[in-house]
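Working through the structure, step by step
Next come the chains, spelled out residue by residue.
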Amino acid sequence: MCGIAGAVGLRTEALVLERMLDSIRHRGPDDSGTLIAGEIAIGMRRLSIIDIAHGHQPIFNDDATLSIVFNGEIYNYRELRRELEAEGRRFRTQSDTEVILRLFERDGPDCVSALRGMFTFAIADTRRNRLFIARDRLGIKPLYLYQAGRELVFGSEIKALLEHPAVPREPEPAALADYLTLRYVPGPRSLFADIEKFPPAHWLLWDNGELRWQRYWGLEGLAPDSAVRPDGEYQERFDELFNESVRLRMISDVPLGTFLSGGLDSGAIAASMSGRADSPVRSFSVGFDWQGDELEGARETARKLACNHTEVLCQAEDFAQLPQLVWHLDEPVGDAIVMPMFLLSKRAREDVTVVLTGEGADETMAGYFMHKVLDRTALYRRTVPAPLRALGRFGAGLAPPALLDRLFDYPGSLGGKGKQRLLEYLKVIETGDLDARYRFLISLFDSDDLKRLWPDRPEPAGDATALAAGAQDLERILRQQYAHWLPDDILCKQDKMTMANSVEGRVPFMDHKLVEFLATVPRHLKLGRVGNKAILRNYLHRRLPHLDRRKKAAFYIPVDNYLRQGPLAKLSDELLSEDSVKRRGLFQWEEVRHLRSSVSEGEFLYGKQVFSLLALELWFRIFIENESGWDVGPPSPPPRHLDWTPAR
């Protein structure tokens, strides 16, 4: 596991490349290496996981015309190595990095098709003045790119790119509107103008200034099996692929463990690990010391599996570290879950270097409450006559918020704002538009909220949430999540918060062979008759029967409570004050004041909105204005551009 950075098409001084790598030292504190050859510069920071003694990068081929820097893990590298050795190819190391290089020697860009794992890598061909860059299928490992003409600058984190003098430091107004809507910035844009996210499942060849892009993987052509086959056949194949995925991700030359939430996904991973580990599995859980967390559920699972278990508490005072988290994330993420993820990774680093985590299960098996709502409302519209639906809207309008709270399995208070959103959603149902329903459910600030908050915002260039056509409704929603939700939000948070603490996070549910199989699984084994993720519940029934009927529980952070006292309250007073908001010149002060005052009423939606605005203002100050005093990473040179006028 590493961080990589580099540039091509321009002269990059060694000092600049070192600064780029120093900015991501947390990704690889064990080692570093660089290569500068003409207008090609590549480098890496290494967290030693495989072949600790001999895996130094860059790794070169026999005549030193090809060299590679690599971030990630290739889980089938041993099989690939045996295949290459049988062809007469010799190896100098035991690392998976060298396997990629030898595959590229043989297959060129097609080498990516043989790789099973998570990766970003760059291969320099100094003889031909070429640079090849690739990213894994699901976007598990991040990669960012700046392009201007024939010049390219790339890196595992945006902060590395910003250390290069060729890269401007300016915000992107259109991406800001996306952030307010979704709480993250969907690719290919980033919140920085001219810096983009390298798309998952793509490779890029820079050939003497000419660019060639290629997408090498996708789920097109895969659909739920329409043939009548016994559920047991699907279950048997799922069990086989999932256990294989976990087994492969347990390959390590350093200590490893798992994050355990008390739910289905992490419980299944822990159960599979326990079945093949030589010693008790190290497990780590985080909670909030209140009735809404899942610490007791995690304890029960850990006891049944005889795990060596550790608990971490996330409390109000921990949010004093929010500026550090924003720096690690590169872009603001309007989701307070980043704090418990960060604290959990920090504690885990005391005992292990690798952790297995449950990201991706909800996206592949329809596990979110959103999936259930979309499914039930589609059924509601098909089966309930329009006059009765109108009566239902009328009744919901008369019901007090406290009564409506009982209809939702969520720890926070619905409140007046939540009731208003519910009534708006009942209207959206009447349009029969799945895209509109999906967009509404995933939006933090809806269109009316944005009009009040930011009336002068630029018009969006396109709808990042648009669903793909030509598939069943549930599959359309699931496929859309691979486009940006997973790589740009779910997997990005996991990567940035673990790597902030020099921990490698591995995600068994994101094995591409398992993902491909789940794309063919019939609907009732995902959004099942008894609950979500039916095929996973069946897996658990034989291993952890206390979990297989457990209801899906939201991982709820009581951010509205934290905003009323402690560090978050102080940050809010400073960053979202009248002077601060008016100085920024983006948002309407009266609306920001309304949101802040509404948090005191205990409504969960207002707390999420205020937290998102806090993270955004911190980002402006840390990254755009380079404001001192935030105690974040290595110092950066003064920004090239400070002034920004939103597009009208």
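Each remark here, short or long, concerns the structure printed above.
Residues numbered from 1 in each chain as written. Predicted model: local features only at pLDDT ≥ 70, side-chain atom pairs only at ≥ 80, totals over all residues. Heavy atoms only, no water.

Glancing now at helix α10 (residues 338-348). Think of an α-helix as 3.6 residues a turn; residues three or four steps apart then line up on the same face. Among the 11 residues of α10, 9 are classified as buried, and the element is accordingly described as predominantly covered. Listed as buried for α10 are Val338, Met339, Pro340, Met341, Phe342, Leu343, Leu344, Ser345 and Ala348. Buried residues belonging to α10 abut β13 (256-259), β14 (282-287), β15 (308-313), α9 (322-329), β16 (354-356) and α19 (485-499). (Buried < 20%, exposed > 50% of the residue type's maximum accessible area, 1.4 Å probe, protein only. Helix = DSSP H or I, 4+ residues; strand = E, 2+ residues; numbered from the N terminus. Contact = heavy atoms within 4.5 Å.)

Here arginine 78 is to be found in helix α2 (residues 77-86). Judged by relative accessible area, arginine 78 falls into the partly exposed class, the value being 41%. As a C-alpha pair, arginine 78 and lysine 304 span 226 residues in sequence and 33 Å in three-dimensional space.

What follows deals with a nonpolar patch on the surface. Residues Leu388, Leu391, Phe394 and Leu398 make up a contiguous nonpolar surface patch of roughly 460 Å² in combined accessible area. Considering the arrangement of structural elements, one finds leucine 391 in helix α13 (residues 386-398). Owing to a relative accessible area of 54%, leucine 391 belongs among the exposed residues under this scheme. (Patch = residues over 30% accessible without salt bridge, like charges linked within 9 Å, V, L, I, M, F, W, Y side chains within 5 Å. Areas by Shrake-Rupley, 256 points an atom, 1.4 Å probe, with all protein chains shown as cover. Salt bridge = Lys/Arg side-chain N within 4 Å of Asp/Glu carboxyl O.)

This paragraph deals with the packing of aromatic side chains. Per the stated rule, a full pass over the model turns up 17 aromatic pairs. Ring centres 5.2 Å apart and planes at 45 degrees place the aromatic pair phenylalanine 319 and tyrosine 562 in the tilted group. With a gap of 243 residues between them, phenylalanine 319 in the loop between β15 and α9 and tyrosine 562 in helix α22 (residues 559-562) connect regions that are remote in the sequence. Considered together, phenylalanine 319 and tyrosine 562 belong to a single accessibility category, that of buried residues. A ring pair is formed by tryptophan 619 and phenylalanine 620, whose centres lie 5.1 Å apart and whose planes are at 70 degrees; its orientation type is edge-to-face. The burial state of tryptophan 619 is the same as that of phenylalanine 620; both residues are buried. Three or more aromatic residues link up through ring pairs in this structure, and these residues are Phe104, Phe119, Phe121, Phe132 and Trp203. The ring centre of phenylalanine 91 lies 6.0 Å from the NZ or CZ of arginine 102, which sits over that ring. Here the guanidinium or amino end of arginine 421 rests over the ring plane of phenylalanine 440, the centre of that ring lying 4.9 Å away. (Phe/Tyr/Trp six-rings, centres within 6.5 Å; stacked < 30°, edge-to-face > 60°. Lys NZ or Arg CZ within 6 Å of the ring centre and 35° of its normal.)

Moving on, we come to the state of the cysteines. On inspection of all chains with the given rule, the structure shows 0 disulfides. Distance from the sulfur of cysteine 111, which forms no disulfide, to the nearest cysteine sulfur (cysteine 2) is 17 Å. The closest cysteine sulfur to the non-disulfide-bonded cysteine 314 is located on cysteine 492, 19 Å from its own sulfur. (Disulfide = S-S within 2.5 Å.)

Along the chain, threonine 431 falls in the loop between α15 (415-429) and α16 (434-442). A relative accessible area of 52% means that threonine 431 is categorised as exposed. It is 43 Å that separates the C-alpha atoms of threonine 431 and arginine 116, two residues lying 315 residues apart in sequence. For threonine 431, the contacting residues outside a window of four places in its chain are Arg381 and Ala436. One polar contact links the side chain of threonine 431 to the main-chain amide nitrogen of aspartate 433, over a distance of 3.2 Å. (Polar contact = N/O pair within 3.5 Å; in protein donor to acceptor, adjacent residues only side chain to side chain.)

Strand order in this open sheet of 6 strands is β2-β3-β1-β9-β8-β10, and the pairing throughout is antiparallel. Strands at the two margins of the open sheet, each flanked by one partner only, are β2 (31-37) and β10 (195-197). Looking at each pair of strands side by side, their axes are set apart by 15 degrees on average, direction ignored. Two strands pair when backbone bridges link them, and strand β1 (residues 2-8) and strand β3 (residues 40-46) are joined in this way by 7 bridges, in the antiparallel orientation. Directly across from alanine 5, in β3, lies its bridge partner glycine 43. (Pairing = 2+ DSSP bridges. Axes fitted to C-alpha atoms, helices over the stretch in contact; angles between N-to-C directions.)

Locating glutamate 617 in the fold gives a position in helix α26 (residues 604-624). Separated by 2.9 Å, the side chains of glutamate 617 and arginine 584 make a polar contact. Residues contacting glutamate 617, with those up to four places away along its chain left out, are Leu575, Ser580, Arg583 and Arg584.

Here the focus is helix α6 (residues 231-248). The end-to-end C-alpha separation of α6 is 26 Å, in line with the 26 Å expected for 18 residues at 1.5 Å each. Taken together, the buried positions of α6 are occupied by Tyr234, Gln235, Phe238, Asp239, Leu241, Phe242, Asn243, Ser245, Val246 and Leu248. Lining the buried residues of α6 we find α7 (264-274), β16, α11 (361-365), β17 (504-506), α20 (512-518) and α21 (534-541). (Expected span 1.5 Å × (residues − 1).)

Counting residues in each nonpolar core, the largest one holds 91 residues, and the members touching the most others are Leu180, Phe319, Leu568, Phe587, Leu613, Leu616 and Trp619. For this core, the leading source of residues is α26, giving 14 residues. Beyond its immediate stretch of four places on either side in the chain, tryptophan 619 contacts Pro171, Leu191, Phe192, Val326, Asp330, Glu331, Pro332 and Ile624. The next biggest cluster of nonpolar side chains, apart from the first, holds 62 residues, and it includes Ile74, Tyr77, Trp203 and Leu434. (Core = buried A, V, L, I, M, F, W, Y, C linked by side-chain atoms within 4.5 Å.)

A sheet is described by the order of its strands in space; here 6 strands give the open sequence β4-β5-β6-β7-β11-β12, paired in antiparallel fashion. Sheet topology places β4 (59-60) and β12 (210-215) at the edges, where each strand pairs with a single neighbour. With 2 bridges connecting them, β4 and strand β5 (residues 66-74) associate as antiparallel partners. Note that in β5 the partner of phenylalanine 60 across the bridge is serine 67. Of the strands in this sheet, β4, β5, β6 (117-125) and β7 (130-135) touch helix α3 (residues 96-107), which is tilted by about 125 degrees from β5.

The next point concerns the pairing of β13. Note: β13 against β16, 3 bridges, orientation parallel. If you follow glycine 257 over to β16, its bridge partner there is valine 355. The sheet contact formed by β13 and β14 spans 3 bridges and is parallel. Bridged to glycine 257 within β14 is arginine 282. Handedness of the β13-α7-β14 crossover: right-handed. (Right-handed = clockwise from strand over helix to strand, strands pointing away.)

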